[in-house]
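# Structural overview
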Protein chains: 2
Amino acid sequence: MNILKAKKINYEIERNIAIVNSQTLSDLKIKHSANVKVKSDTGEIMCEVLSTDTLIEPGFIGLTEKLVDELKIDSEQAVKVFVRRRPQSIEFVKTKRKGMVWKEGEIRSIVNDICSGHYTDLEISMFTLAQYYLGLTMDEIASLTTFMAEYGTTLSFDEPVYDKHSIGGIPGNKVSLIIVPTVAAAGLLIPKTSSRAITSPSGTADTMEVLCDVNFTADEILEIAPKTRGMLVWGGTLDLSPLDEIVIHRVEQPLGIDPHSQMLASIFSKKVSTGVDHMVLDIPTGEGTKMPTKEDAVNYAHEATELGRRLGISIEAALSYGEQPLGKAIGPALEAREALNVINGNGPTSVFEKSAELSGILFEMAGLAPPGQGANLAADYITKGKTKAKMEEIIGVQGGNATVQPEDIVVGEYTSTIVAPKDGYIVKLSNSAIKKIAKAAGTPRHKEAGVYLHKKIGDFCKKDDELMTIYSNSEGRLTDALNLSMNLTPFLLEGMIIQRISSGPKK
Amino acid sequence: MNILKAKKINYEIERNIAIVNSQTLSDLKIKHSANVKVKSDTGEIMCEVLSTDTLIEPGFIGLTEKLVDELKIDSEQAVKVFVRRRPQSIEFVKTKRKGMVWKEGEIRSIVNDICSGHYTDLEISMFTLAQYYLGLTMDEIASLTTFMAEYGTTLSFDEPVYDKHSIGGIPGNKVSLIIVPTVAAAGLLIPKTSSRAITSPSGTADTMEVLCDVNFTADEILEIAPKTRGMLVWGGTLDLSPLDEIVIHRVEQPLGIDPHSQMLASIFSKKVSTGVDHMVLDIPTGEGTKMPTKEDAVNYAHEATELGRRLGISIEAALSYGEQPLGKAIGPALEAREALNVINGNGPTSVFEKSAELSGILFEMAGLAPPGQGANLAADYITKGKTKAKMEEIIGVQGGNATVQPEDIVVGEYTSTIVAPKDGYIVKLSNSAIKKIAKAAGTPRHKEAGVYLHKKIGDFCKKDDELMTIYSNSEGRLTDALNLSMNLTPFLLEGMIIQRISSGPKK
């Protein structure tokens, strides 16, 4: 008999684990640690079985709250339990070797099986690591992208959709909060979906959420965006690319990898899902970014434009300087404040310029400005208050305070400032050190936390000049961040010794 | 405070899971699903954390019996809990790309970290799949082998050690039970360690265990083997190659893969550990084996001999015909019976010949026979009863009944016989179908289960002639095996249609 009663247990674990009595285990003719499929009328999940003699009586299956929710059932409701069969598409994954190309149908069944929850974590890793170690051809990436999009929610508008995307990697990159209202102010439709921070101090959705709501359904976006011309929402609620979520959380993050082909498919599947027609792609380049050399970045740009071509999306890629954080503010609240400052005409030049450049490219793609003139037009939109008016409108329809002022935004009450150890020019400002310090201070979870940079690369500072201030809403986290900043050398001053290497003591 | 009291819980799961109160979780400043290291004075393990509000009180950590045993602690004993740090050697795994070669020191730290339990399953899969997708150079394989052996138990004898190894893949390969006593009877030292079945119906250790004990400590082997000259023991108790066990159980088996380099390192690490100097390597070749083409087998043989050269082991590789099971008996008890029959002079020619050939190669390597004459000498040992006398001695010292007769061996009481559906010559006899049928009948767990083949490839049979008999000690499993044999076509008779492929119904 494979029908059991669900029992909600107050256990918490990310992994899907079902608990059954050891009697049930032998009734089902399975061993502990087996993978089973649990099925209700409203959903199905894969679980690994943990067996016990206590806690769960025979005939019941203990499921965590997360799993009960996924099955959309009540406690005590009957569910069917099947021994998992290894999905056939695993065989396609297994045959992957150097030079071997997956066929379209093979990729479709792999994507469908992963999205339906038929793969174990190890099997997903086998798929992801094939990409990591061997790479995919452009045909394979295009198929993967298409099927990833097909499996998710799709948005469809009656007019061309514009978009801006950054491959990420540098902290403080809040330009979307300036680009979206600028482009929308010109009448172009830019319903931007964005992500929350995974490893960075703040994702665009985290930053925007300081100002207003970012959780909207597909129907709401389809209704609101054509009127305001722009929105800034979190893509996570929309389920645009289910495979992406699964692969990121279950394999890429735990292993700390981001295979090239999967990164492209991840980005573009969401663009296909949201009906994007024209896109500017920001590729931060240089030491400490995802594209350490210009060659890497150019190759990537060629691949992205080629992939766009195959998917019917026109792409302009823009390589940007990425060897230090963008602007001065890092962390959701501090970045939201800085974005408003830029819109108000008081922000750092670097943020203003980059926003105008990228908006300008979209203007040129739309034929609103002749080649090379887009950035000037965009700068006008910002300086003349058109961006500001549009941003207020967007914040308003997204349920925020439309007339919020930069200084209204609450930042961490505990602060500590790092000063220069000596006179000198700043020659390096480490993205990864700043990320780690911001994280220790509490970002992205605590929106008030972050780092504010008083100096950037090329600035001269005298001994004891302020270099950066750390913000936190917890004294403990402030101390952690401060200790970390002592160890990490976020700022390198000319003449400072980077590392000492010696032959060891004489013997 | 990271000191908690261990509490043994009666949960069973293969995965290492520790259960703590959600209060403890926040005290430790970790989230559920985090990986932690649990350390006692006598051991350490990695666990994934499951949190709960009930069951476990704050200050305690719930551990399954398996984990309590691994830590060698009592319930309520204090253990230290640390948040896991990602081992540094993961970075070496990550840098693996086509053309990139791991350095010796990198492989050493990967092996040590995996064996010390510092890797998660996903991280182990990243290491294994690097091998699967990219392959390793011979230098890398040699280093991997050496460090795998270094980490385990080593046996050291004062004289040359001989060995026979089969890469496996075909069912019914019981020749070690004939080769070891033959070689030992000639005075050569052959303390053979072997494995239990993982996916096959019977491993050499499973078959030998029908006749006597196969669990011996390193000290026992070092004491007994020099006297008897030969032993047949299970390698599993000896912990010869801890990495191998981990990789096989946690990645290779769940994914159903066996990367070439890891297979070589697996075999040879145990040879290094057991001090082998001269080895004959049996490589079953052909459709349905691990080496489908002769080219695969020849390449493999070259690699194995080269690896042997680097490790100081002289190797003679022997390609053998592998397109059908060896002999007539498949399954531990049936195979033990057949091995004794061969030793007594009543067994199938194929088993006799293969045993004599492989033993003969070892005789030639030892200088006991001129080139090409070893097999004749070995055949003499068998036919003249020297092999039998030595086998009785070995069974005796390994705690079995030295004078056991083939017919004394108990086989499954439930049997069913498959007959030929028509007249014809047998043109195929499928290794994989026979394996699956034997498995369904209960092998390798139920030693009495198995399959006995009445006909082999090339035999002519008339309609209703007996093809094979299935043995089981359970009526249910017999039925399962019988049903499976109906679906799998283990025997193909000339003129039978293999598969029909049509264009589908007309539209």
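What you are looking at is a predicted structure, and each value in this text was computed from that prediction instead of being measured. (Residues numbered from 1 in each chain as written. Chains lettered and ligands numbered in written order. Predicted model: local features only at pLDDT ≥ 70, side-chain atom pairs only at ≥ 80, totals over all residues.)

### What about the overall build of chain A?
- From N to C terminus, chain A includes 18 helices and 19 strands.
- For chain A, the spread of C-alpha atoms along the principal axes amounts to about 75 × 70 × 50 Å.
- By sequence separation, contacts in chain A at least 24 residues apart represent 78% of the contacts at least 6 residues apart. (Helix = DSSP H or I, 4+ residues; strand = E, 2+ residues; numbered from the N terminus. Contact = placed C-beta atoms within 7 Å.)

### Concerning the pairing of strand β10 (residues 230–234) of chain A
All names here are of chain A.
- Among the 5 residues in β10, 5 count as buried, and that is most of the element.
- In this sheet, β10 lies alongside strand β9 (residues 190–194) in parallel orientation, the contact comprising 5 bridges. In the strand pairing of β10, Pro 191 is matched with Met 231. (Buried ≥ 20, exposed ≤ 12 C-beta atoms within 10 Å, placed from the backbone. Pairing = 2+ DSSP bridges.)

### Re the sheet that holds strand β16 (residues 450–453) of chain A
Residues and elements named next belong to chain A.
- Strand order in the open sheet formed by 4 strands is β13-β16-β18-β14, with antiparallel pairing between adjacent strands. In this open sheet, the two edge strands, each paired with only one partner strand, are β13 (329–330) and β14 (414–419).
- In the sheet, β13 pairs with β16 via 2 bridges, with the strands oriented antiparallel. Bridged to Ile 330 within β16 is Val 451.
- Against the sheet, helix α18 (residues 475–488) makes contact with β14 and β18 (466–472), and its axis sits at roughly 150° relative to β18, the strand it touches most. (Axes fitted to C-alpha atoms, helices over the stretch in contact; angles between N-to-C directions.)

### A short note on the packing of helix α17 (residues 431–441) of chain B against helix α18 (residues 475–488) of chain B
Residues and elements named next belong to chain B.
- Contact geometry of α17 with α18 gives a least axis separation of 7 Å together with a crossing angle of 160°. Considered as vectors, α17 and α18 are oriented roughly antiparallel to each other. As α17 runs across α18, the sense of the crossing is right-handed. Along its contact with α17, which presents Ala 433, Lys 436, Ile 437, Ala 440 and Ala 441, the element α18 presents Arg 477, Leu 478, Asp 480, Ala 481, Leu 484, Ser 485 and Leu 488.
- Taken together, the residues of the contact of α17 with α18 break down into 8 nonpolar, 1 polar and 3 charged. (Parallel < 35°, antiparallel > 145°, perpendicular 65-115°, else oblique. Left-handed = near helix turned anticlockwise from the far one by under 90°. Nonpolar A, V, L, I, M, F, W, Y, C, P; charged D, E, K, R; others polar.)

### Comments concerning the relation of the copies chain B and chain A
- Aligned on chain A, chain B shows an RMSD of 0.2 Å; the corresponding rotation is 180° and the shift along the axis is 0.2 Å. Such a combination of rotation and displacement between the chain copies is what one expects of a two-fold axis. The rotation axis passes nearest to the C-alpha of B:Leu122 in chain B, at a distance of 3.1 Å.
- A symmetric contact is evident, with 100% of the interface residues of chain B recurring at the interface of chain A. (Least-squares fit on C-alpha atoms with pLDDT ≥ 70 in both.)

### Examining the pairing of β9(A)
- Burial analysis of β9(A) places 5 of its 5 residues in the buried class, the great majority of the element.
- Here β9(A) shows no split at all, with A:Ile190, A:Lys192 and A:Ser194 on one side and A:Pro191 and A:Thr193 on the other all buried.

### Examining the interface of chain B and chain A
- Contacts between the two partners involve 31 residues from chain B and, on the opposite side, 31 residues from chain A.
- Mapped by element, the contributors of at least two residues to the side of chain B that touches chain A are β2 (11–12), β5 (43–52), α5 (121–134) and α10 (242–255) of chain B.
- Among the elements that make up the side of chain B that touches chain A, the one with the highest residue count is α5(B) (9 residues).
- For the side of chain B that touches chain A, a count of residues per class yields 13 nonpolar, 8 polar and 10 charged.
- Alignment of strand β5 (residues 43–52) of chain A against β2(B), held across 2 bridges, turns out to be antiparallel. By the bridge assignment, A:Thr52 is partnered in β2(B) with B:Tyr11.

### Focus: helix α4 (residues 104–115) of chain B
All names here are of chain B.
- Across its 12 residues, α4 extends 16 Å between first and last C-alpha, which sits within 8% of the 16 Å expected from 1.5 Å per residue.
- Burial in α4 covers these residues: Ile 107, Ile 110, Val 111, Asp 113, Ile 114 and Cys 115.
- Taken from the residues just after α4, Gly 117 is the one with a positive phi, measuring 80°. (Expected span 1.5 Å × (residues − 1).)

### Quick notes on the environment of A:Ser416
Residues and elements named next belong to chain A.
- On the secondary structure map, Ser 416 appears in strand β14.
- Distance in space between the C-alpha atoms of Ser 416 and Glu 245 is 36 Å, their sequence separation being 171 residues.
- Ignoring any residue separated from it by four or fewer positions in sequence, one finds Ser 416 in contact with Thr 469, Ile 470, Leu 478 and Leu 482.

### What about the domain arrangement of chain A?
- Domain boundaries assigned for chain A yield domain 1 (3–83), domain 2 (162–227 + 271–397) and domain 3 (411–493).
- Inter-centroid distance (C-alpha atoms) of domain 1 of chain A to domain 2 of chain A is 45 Å. (Domains from an automatic or database assignment.)

### Looking at the confidence of the model for chain A
- The predicted model of chain A has a mean per-residue pLDDT of 93, with 97% of residues at 70 or higher.
- Here the predicted complex scores 0.84 on pTM and 0.81 on ipTM. (pLDDT = per-residue confidence, 0-100.)

### So, the environment of A:Glu392
Residues and elements named next belong to chain A.
- If you trace the backbone, Glu 392 turns up in helix α16 (residues 386–397).
- Overall, Glu 392 belongs to the partly exposed group, with 17 C-beta atoms counted inside 10 Å.
- The sequence separation of Glu 392 and Met 486 amounts to 94 residues, and the corresponding C-alpha distance is 40 Å.
- Contacts of Glu 392, omitting those with residues within four sequence positions, involve Ala 402 and Thr 403.

### Considering the sheet that holds strand β15 (residues 424–429) of chain B
All names here are of chain B.
- Read across the open sheet, the 3 strands follow the order β17-β15-β19; overall the sheet is antiparallel. Either end of the sheet is taken by a strand with one partner, and the two such strands are β17 (460–461) and β19 (491–493).
- The sheet contact formed by β15 and β19 spans 3 bridges and is antiparallel. Residue pairing across strands places Leu 429 opposite Phe 491, the latter belonging to β19.

### Quick notes on the packing of helix α6 (residues 138–151) of chain A against helix α12 (residues 294–311) of chain A
All names here are of chain A.
- Where α6 meets α12, the closest approach of the two axes is 10 Å, and the angle between their N-to-C directions is 55°. The orientation of α6 relative to α12 falls into the category oblique. The handedness of the crossing between α6 and α12 is right-handed. Note on element contacts: α12 touches α6 through Glu 306, Leu 307, Arg 310 and Leu 311, opposite Met 138, Ile 141, Ala 142 and Thr 145.
- Residues that form the contact of α6 with α12 fall into these classes: 5 nonpolar, 1 polar and 2 charged.

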